[in-house]
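Summary of structural features
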Amino acid sequence: MIIDLDRFVKNERPAWNRLDQIVTRMRTHPERPMSLDEVRELHALYERACSGLARISNSVHGGQLREYLESLVAGAYAEIHDNREVVSTLTISSMVQGLVHYLTETLPATFRRRIMAFYISTALFMLGAVFGAIMLAVEPEAKGILIPGGFSHLDVTPTQRVQQEEADGGMRRSTSEMTKMTAFYWTNNIRVGLVTASMGMLWGVGTVISLIFNGVLLGIVSADFIADGQGVFLMGWLL
């Protein structure tokens, strides 16, 4: 096979140099994990170098160029298929650095990549809240129907509820009762969050329903308290 050697080298040299850089970094810093994009790049460059070596081997050209490509491909093959284990020492300092890196880089970057999903989720939740507030304003007597059973404020007005909460400086409840209430809110919020996220497997239909439904509940309760002049208490209660 006859090829234009000068043109071939000019076109392929950048890819060879990049592959050599990656292999050298893998060899000198084996403890550094590679990202998915870097692995894909390495795979593409390795296949390209193998293809170039095959073209050179089957052509009338050879010499130093073939030896260079053979060395490059062999080195890349060795690093790709290397099975040595990297022993890392887990220290408090490394754990703190990892946590700081996650909070300052990984988490913000992931959130930015998924920002549209956040906007849509927030819009659905607020849509449900507005709908709930409107429903309560249109039909106040339907509060018991719109809100599921088990909510203690269904039996009294928001003002009466606030008076009950503020009676005796809030010391009416025992420690065990307050602990049970705290545990309920924690477990309920975690359950709602997990259910909302897991419903994504149903093409997001369940997630949409969950977001709107919880928004309706918040809208009804908020509108009820605000309309009764207890908006400040409501904010403190939610916080």
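All values derive from a computational prediction rather than experimental measurement.

This paragraph deals with helix 1 (residues 5–28). Helix length check: helix 1 (24 residues) gives 32 Å between terminal C-alpha atoms against 34 Å at 1.5 Å per residue, within 8%. Roughly 45 degrees is the biggest bend found in helix 1, and it falls at Glu 12, with proline Pro 14 one to four residues downstream. Residues of helix 1 that are buried: Phe 8, Val 9, Glu 12, Ala 15, Trp 16, Leu 19, Ile 22, Val 23 and Met 26. Looking at the packing, one finds that the buried side of helix 1 touches helix 2 (36–57) and helix 3 (64–80).

Turning next to the pattern of salt bridges. Taken as a whole and judged by the stated rule, the model has five salt bridges. Across the salt bridge formed by Arg 25 and Glu 38, the nearest N and O atoms sit 3.4 Å from each other. Here Glu 38 lies in helix 2 and Arg 25 lies in helix 1, a separation of 13 residues in the sequence. By relative accessible area, which is 24% here, Arg 25 ends up partly exposed. Taking the relative accessible area as the measure of exposure, Glu 38 reaches 14% and is therefore buried.

The subject of this paragraph is the nonpolar core. One finds Phe 8, Trp 16, Leu 19, Ile 56, Leu 65 and Leu 69 to be the most contacted residues of the largest nonpolar core, which totals 20 residues. Contributing elements (two or more residues each) for this core: helix 1, helix 2 and helix 3. When residues of this core are assigned to their parent elements, the largest contribution, eight residues, is made by helix 1. Contacts of Leu 19, omitting those with residues within four sequence positions, involve Leu 42, Leu 45, Tyr 46, Ala 49, Leu 72 and Ala 76. Residues Ile 147, Val 162, Val 216 and Ala 223 belong to the second largest nonpolar core, which totals nine residues.

Rules of the game
Residue numbers here run from 1 along each chain, matching the order of that chain's written sequence. In keeping with the predicted nature of the model, local features appear solely for residues at pLDDT of at least 70, side-chain atom pairs appear and are counted solely at 80 or more, and the whole-chain, interface and lining totals rest on all residues. By convention in this description, side-chain values take in all heavy atoms of the structure and omit both hydrogens and water. Segments assigned H or I by DSSP are reported as helices when at least four residues long, segments assigned E as strands when at least two residues long, and all are numbered from the N terminus. Here the expected span of a helix is defined as 1.5 Å times the quantity of residues minus one. One fitted axis covers the seven residues ending at a residue, a second covers the seven starting there, and the bend at that residue is the angle between these axes. The rule is simple: take the accessible area with a 1.4 Å probe, protein chains only, and divide by the maximum for that residue type; under 20% is buried, over 50% is exposed, in between is partly exposed. By definition in these notes, contact holds between two residues if any of their heavy atoms fall within 4.5 Å. Salt bridges, as used here, are contacts in which a Lys or Arg side-chain nitrogen is within 4 Å of a carboxyl oxygen on Asp or Glu. Buried Ala, Val, Leu, Ile, Met, Phe, Trp, Tyr and Cys residues that are joined via side-chain atoms within 4.5 Å together make up what is termed a nonpolar core.

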